[in-house]
Amino acid sequence: MVGIPTNKKHGQHLLKNPGIVDKIVAAADIKPSDTVFEIGPGTGNLTMRLLEVAKRVVAYEIDGRMAAEVRKRAQNAGRNSLEVQEGDVLRTKWPTFDVCAANLPYQISSPFVFRLLAHRPVFRCAVLMFQKEFAERLVAKVGEKSYGRLAVNTSLFVKVSCVCKVSRGSFNPPPEVDSMVVRMVPRDPPIEVNFREWDGLMRICFGRKNKTLRSSFCTTHTLKLLTENYKTWCALTGAPAAKIPMKDLVLEVLNGLELTTTRAIRVDLDTYFRLLLEFNKRGIHFSNASPGLKIGEALAPQIAEDFFVDDGPLEDGEEADADAGADGMED
């Protein structure tokens, strides 16, 4: 291991476990024709393995010392297919790539996911190291404690699976938290949805995700918002307004889907789509009446940057049952 002092400001913890490096490379399923986009190469333990199997590796490194070291290491090994860009990966233009492999500084996890899933042209696969708690929220399934907006929103774009858990002892210096490697594969074909509408629905449902949907939708604030949107929709479309209160319209939808007493953590992706469709059929909208773009179009301007921020797991003492009431890594 090269003796370069790590920089705490950049969240540097150098991956020293070759077994984890091998698992990342295997999960990436890199083809000889692939360009790999790597974030945070550090001293190059993962980079050198990527260079063995990829046509080209483009690595972004914020620390000039590490950038110089990984360049030198590749040159000494006779590897000429490495391009190292110095700078903040969130503030620079990204290349076109087939595979993304990242040992991320954990403080940029959410904004990086936002940028990655908004990137076009779409990539084939991403294998990413996250803080274990964040990764668990990404891969969470319906009914699990960590299931929330992050898991649901991410699943619109990609299928996410756990590659392996990584103990803090796999790094030098060891971080204060364990880690997890996850694999993301973009959906093909992509799911089509109005992002503004979807985001508005998710914020209501997961605002307090262990409450029933009836409770979440029937707050004074939510009913007022939905009523204002409904009036706007009626004015723009010329549709006659219903003569019943918004609360009754909302309960009509929830009752029709048998979701009145269901908690948000118990609802899967397909059912949320049905819920949004039934609301929209009745003129109930969760954003202003302007049309939203669908997946495959320009994404980043259309959704809030906290689209991939989760509300966190249930509080201690709460149950995921329907009946129950910063460190970062480099190598």
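Nothing here was measured: the structure is a model prediction, and the numbers come from that model.

Each value, and the rule that gives it
- Residues numbered from 1 in each chain as written.
- Predicted model: local features only at pLDDT ≥ 70, side-chain atom pairs only at ≥ 80, totals over all residues.
- Heavy atoms only, no water.
- Helix = DSSP H or I, 4+ residues; strand = E, 2+ residues; numbered from the N terminus.
- Buried < 20%, exposed > 50% of the residue type's maximum accessible area, 1.4 Å probe, protein only.
- Areas by Shrake-Rupley, 256 points an atom, 1.4 Å probe, with all protein chains shown as cover.
- Pairing = 2+ DSSP bridges.
- Axes fitted to C-alpha atoms, helices over the stretch in contact; angles between N-to-C directions.
- Contact = heavy atoms within 4.5 Å.
- Phe/Tyr/Trp six-rings, centres within 6.5 Å; stacked < 30°, edge-to-face > 60°.

J.: How would you sum up the overall build of the protein? Please name residues and give values.
T.: Per the secondary structure count, the protein includes 11 helices and nine strands. By the burial criterion, 53% of the 331 residues in the protein qualify as buried. Here the protein displays about 15000 Å² of accessible surface, and carbon together with sulfur accounts for 49% of that area.

J.: Account for the sheet that holds strand β9 (residues 179-186), with residues named and values stated.
T.: Judged by pairing direction, the sheet is mixed, and its seven strands sit side by side in the order β4-β3-β2-β5-β6-β9-β7 without closing on themselves. Bordering the open sheet on either side are β4 (82-86) and β7 (158-166), each of which pairs with just one other strand. Each adjacent strand pair in this sheet contributes to an overall mean axis angle of 20 degrees, direction not counted. Pairing geometry for strand β2 (residues 35-39) and strand β3 (residues 56-61), over five bridges, is parallel. Its bridge partner being in β3, Thr-35 is matched across the sheet by Arg-56. Those strands touched by helix α3 (residues 64-76) are β3 and β4, and its axis lies near 170 degrees from that of β4.

J.: Which residues make up the packing of aromatic side chains, and what values do they have?
T.: Scanning all chains against the criterion turns up 16 aromatic pairs. Ring centres of Phe-206 and Tyr-272 lie 5.7 Å apart, and the angle between their planes is 50 degrees; this geometry places the pair in the tilted category. In this pair, Phe-206 sits in the loop between α7 (195-205) and α8 (213-217) while Tyr-272 sits in helix α11 (residues 269-281), placing the two residues 66 residues apart along the sequence. An identical accessibility class is assigned to Phe-206 and Tyr-272; each is buried. Chaining the aromatic ring pairs together yields one cluster made of Phe-37, Tyr-60, Trp-94, Phe-97, Phe-112 and Phe-123.

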